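Coordinates in review
So the chains spell out like this:
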Amino acid sequence: MNTPPPHLLTSLLRSLDREERGDVPGWVMITLMSAVLVAGLLAIAQPALSGLFNDAINQVAP
């Protein structure tokens, strides 16, 4: 098995490390906004979802 020289692997890993660094605050903001959106939708839809769940359970139980 042919293995590349160590300096080639080191330079490749360094270049990959530089490419993987992203905008962390942007990802944090997207995650927070998504969580707030889901929480808001759940707060609005919870009564309807509870009613659907209770109706389904009542149809299954004798």
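Everything here concerns the structure above.
Now for a look at the structure at hand. Just so it is clear, the model here is predicted, and its values are computed rather than measured.

1. Looking at the overall build of the chain
Scanning the chain from N- to C-terminus turns up two helices and zero strands. Looking at the chain as a whole, 0% of its 62 residues are labelled buried. When the accessible area of the chain is evaluated, it comes to approximately 6000 Å², of which 70% is carbon and sulfur surface.

2. Re helix 2 (residues 24-60)
Over its 37 residues, helix 2 runs only 48 Å from end to end, short of the ideal 54 Å by more than 12%, given 1.5 Å per residue. A bend of about 55° at Ala45 is the largest found in helix 2, and the proline Pro47 appears one to four places after it. Little of helix 2 is tucked away, with zero of its 37 residues classed as buried.

3. Re a nonpolar patch on the surface
Nonpolar side chains collect at one region of the surface, where Val24, Val28 and Leu32 lie side by side and expose about 270 Å² of accessible area between them. Turning to its location among the elements, Val28 is positioned in helix 2.

The rules we used
Residues numbered from 1 in each chain as written. Predicted model: local features only at pLDDT ≥ 70, side-chain atom pairs only at ≥ 80, totals over all residues. Heavy atoms only, no water. Helix = DSSP H or I, 4+ residues; strand = E, 2+ residues; numbered from the N terminus. Buried < 20%, exposed > 50% of the residue type's maximum accessible area, 1.4 Å probe, protein only. Areas by Shrake-Rupley, 256 points an atom, 1.4 Å probe, with all protein chains shown as cover. Expected span 1.5 Å × (residues − 1). Bend = angle between axes of the 7 residues up to and from the residue. Patch = residues over 30% accessible without salt bridge, like charges linked within 9 Å, V, L, I, M, F, W, Y side chains within 5 Å. Salt bridge = Lys/Arg side-chain N within 4 Å of Asp/Glu carboxyl O.

Read these as geometric descriptors, not functional statements.
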